[in-house]
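Tertiary structure, described
So you can see what is in the structure, the chains are spelled out below.
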Number of protein chains: 2
Amino acid sequence: MISVVIVGTGNVSQNLFQAFQNLKEATVIQVVGRHKKGLAYFEPYCKVSTDFDSILPSDLYVIAVSDNAIEDVSAKISFVKGLVVHTSGGTPMGILKHNKRNGVFYPLQTFTKGKQLDFKSVPICLEASNEEDLNILLELGQSLSDTVEIVSSKSRSILHLSAVFVNNFTNYLYTIGEEICEQHQLDFNLLKPLVLETAEKLSSLSTKDAQTGPARRGDQKTLHHHLSLLKQQQHREIYKLMSNTIKATYGKKL
Amino acid sequence: MISVVIVGTGNVSQNLFQAFQNLKEATVIQVVGRHKKGLAYFEPYCKVSTDFDSILPSDLYVIAVSDNAIEDVSAKISFVKGLVVHTSGGTPMGILKHNKRNGVFYPLQTFTKGKQLDFKSVPICLEASNEEDLNILLELGQSLSDTVEIVSSKSRSILHLSAVFVNNFTNYLYTIGEEICEQHQLDFNLLKPLVLETAEKLSSLSTKDAQTGPARRGDQKTLHHHLSLLKQQQHREIYKLMSNTIKATYGKKL
């Protein structure tokens, strides 16, 4: 059983905390955060503190804070003897230079406050500056998830970049779909089964085989009609760029 | 029990056929298609034909062919007495002008050959040129799906436009995510749980609340780093436009 201190109180912290609580291999002994308000969630279950100097001795310290605060936290807990990891996709392990024993524990998923995910299906990307610590992370990762990979900082930043496309940008396309519906007093809920099936399709079909639509088949008439329906300049620009890119990609191959 | 003839042999046709077969309210008596090959799927279960002149008398004719072939099929079966509907999102009902009784039966979903969807969760958008025929479609629709809406041709084209964003463009973002992984010998399967959760999030969160990522938080450092990692011009252009649009949208509100 390893002891864990979590620094940070956001979505990742809450989801990791719950996942660790269900393990016999680990126990969270303390959560440290800047504000009392954020700590209220954890207070019934373990010790909490807003003071980095009162951080407890522990086997593992998990820094689950926003990317730009990681280095600062790392410096503040430079005195701890345990292994210090961050949970960020886009941040190199080297940012934890203040901590002798450091590593990365990156769950490749999007977390929502108040929605506990099944960690078994969350890929965990690991890195550590020495083999002994890597083994600690491997053991912990494998007790949480069915998919645990050792991934370098460089490769992790590529996965994070890919995640920006399939998560952040995709969600923005959903937003546009919703805005178009709202502008015409139509219910976006009608589109939600399609949103879900578009994602689920990937389990049985390659992204290239799943590509359909007017741009894919070079249907100029529909493309022009759609542009005439789009009122917002931003929507038009995204429609044009995405359609032209799809046409260029598949035009060569048709 | 109403009798149905389906024209067309593609994904929509196959999925509708299976859904109708499970109903006591309808029975498919014939499938008509251009090529014998496409008809093989249906042949064990009902009559099939490649000859429009041998189309059977029926209560309902469902034209499930590609958009640009609908008018041609409609003209070829101008002599039938039953109700003729098409299944297209982006095509006005008026294209069925050759048929006295006409309408639209649009299942708002993406269909994959060989993958039978549960039609209960597929929204069906209906339109008909007279009330009696609309009632026939309503009854049939409600026996298939929990979500049946009467939607005008204008509104349907808006839903279809929204579907292009949340389905076609989203799938292309998946393609880019996959290409980025491939270029760096990384396994895109690591991203698939994220793809799924991004879509599932919408059941509990608004698209605006679900927006995260470097552009959302105005993280210039990560945006520049990502651009330096992107090798393909097309990927860079989409990254820039999506990020700038997200920044513009949320910048005002931060």
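Residues numbered from 1 in each chain as written. Chains lettered and ligands numbered in written order. Predicted model: local features only at pLDDT ≥ 70, side-chain atom pairs only at ≥ 80, totals over all residues. Heavy atoms only, no water.

With that settled, the discussion passes to the environment of A40(B). Residue and element names in this part refer to chain B. Checked against the element boundaries, A40 lands in the loop between α2 (36–39) and β3 (47–49). When its relative accessible area of 43% is taken as the criterion, A40 is described as partly exposed. Taking the C-alpha atoms as reference, A40 lies 33 Å from V166; in sequence the two are 126 residues apart. (Helix = DSSP H or I, 4+ residues; strand = E, 2+ residues; numbered from the N terminus. Buried < 20%, exposed > 50% of the residue type's maximum accessible area, 1.4 Å probe, protein only.)

Attention now goes to the interface of chain A and chain B. One frequent convention defines the size of an interface as the accessible area lost when the parts assemble. Each partner contributes residues to the interface: chain A has 83 residues there, and chain B has 83 residues. Interface area for chain A against chain B, summed over the two sides, is near 8,200 Å², with a carbon-plus-sulfur share of 69%. At the junction of chain A and chain B, the tally comes to 6 salt bridges. For the salt bridge of K208(B) with E179(A), the shortest nitrogen-to-oxygen distance reads 3.8 Å. Inspection of the region where chain A meets chain B yields 30 residue pairs in polar contact (both at pLDDT 80 or more). The set of elements that each furnish at least two residues to the side of chain A that touches chain B consists of α5 (153–183), α6 (192–200), α7 (207–210), α8 (220–229) and α9 (233–251) of chain A. A total of 27 residues in the side of chain A that touches chain B trace back to one element, the largest contributor, which is α5(A). Across the side of chain A that touches chain B, the residue classes break down as 40 nonpolar, 30 polar and 13 charged. (Contact = heavy atoms within 4.5 Å. Buried area = accessible area lost by both parts, 1.4 Å probe. Salt bridge = Lys/Arg side-chain N within 4 Å of Asp/Glu carboxyl O. Polar contact = N/O pair within 3.5 Å; in protein donor to acceptor, adjacent residues only side chain to side chain. Nonpolar A, V, L, I, M, F, W, Y, C, P; charged D, E, K, R; others polar.)

Here helix α4 (residues 131–144) of chain A spans 20 Å end to end across 14 residues, near enough to the 20 Å set by a 1.5 Å rise per residue. Regarding α4(A), the residues found buried are D133(A), L134(A), L137(A), L138(A), L140(A), G141(A), S143(A) and L144(A). (Expected span 1.5 Å × (residues − 1).)

Residue and element names in this part refer to chain A. Within the open sheet, the 8 strands sit side by side as β3-β2-β1-β4-β5-β6-β7-β8. Their pairing is mixed. The sheet is open, and its two borders are formed by β3 (47–49) and β8 (148–150), each paired with just one other strand. When strand polarity is set aside, the average angle formed by the axes of neighbouring strands in this sheet is 25 degrees. Of the strands in this sheet, β1 (2–7), β2 (26–32), β4 (60–63), β5 (83–86), β6 (102–107), β7 (124–128) and β8 are in contact with α4, which crosses β7 at around 165 degrees. (Pairing = 2+ DSSP bridges. Axes fitted to C-alpha atoms, helices over the stretch in contact; angles between N-to-C directions.)

The interhelical angle for the contact between α9(A) and helix α5 (residues 153–183) of chain B, taken along N-to-C directions, is 50 degrees, at an axis separation of 11 Å. If you check the angle between α9(A) and α5(B), you find them oblique. The element α9(A) and its partner α5(B) pack so that their crossing is left-handed. On α5(B), the residues that touch H235(A), I238(A), Y239(A), M242(A), S243(A), T245(A), I246(A), T249(A) and Y250(A) of α9(A) are L161(B), V164(B), F165(B), N168(B), F169(B), Y172(B) and L173(B). For the contact of α9(A) with α5(B), the per-class residue count stands at 11 nonpolar, 5 polar and no charged. (Parallel < 35°, antiparallel > 145°, perpendicular 65-115°, else oblique. Left-handed = near helix turned anticlockwise from the far one by under 90°.)

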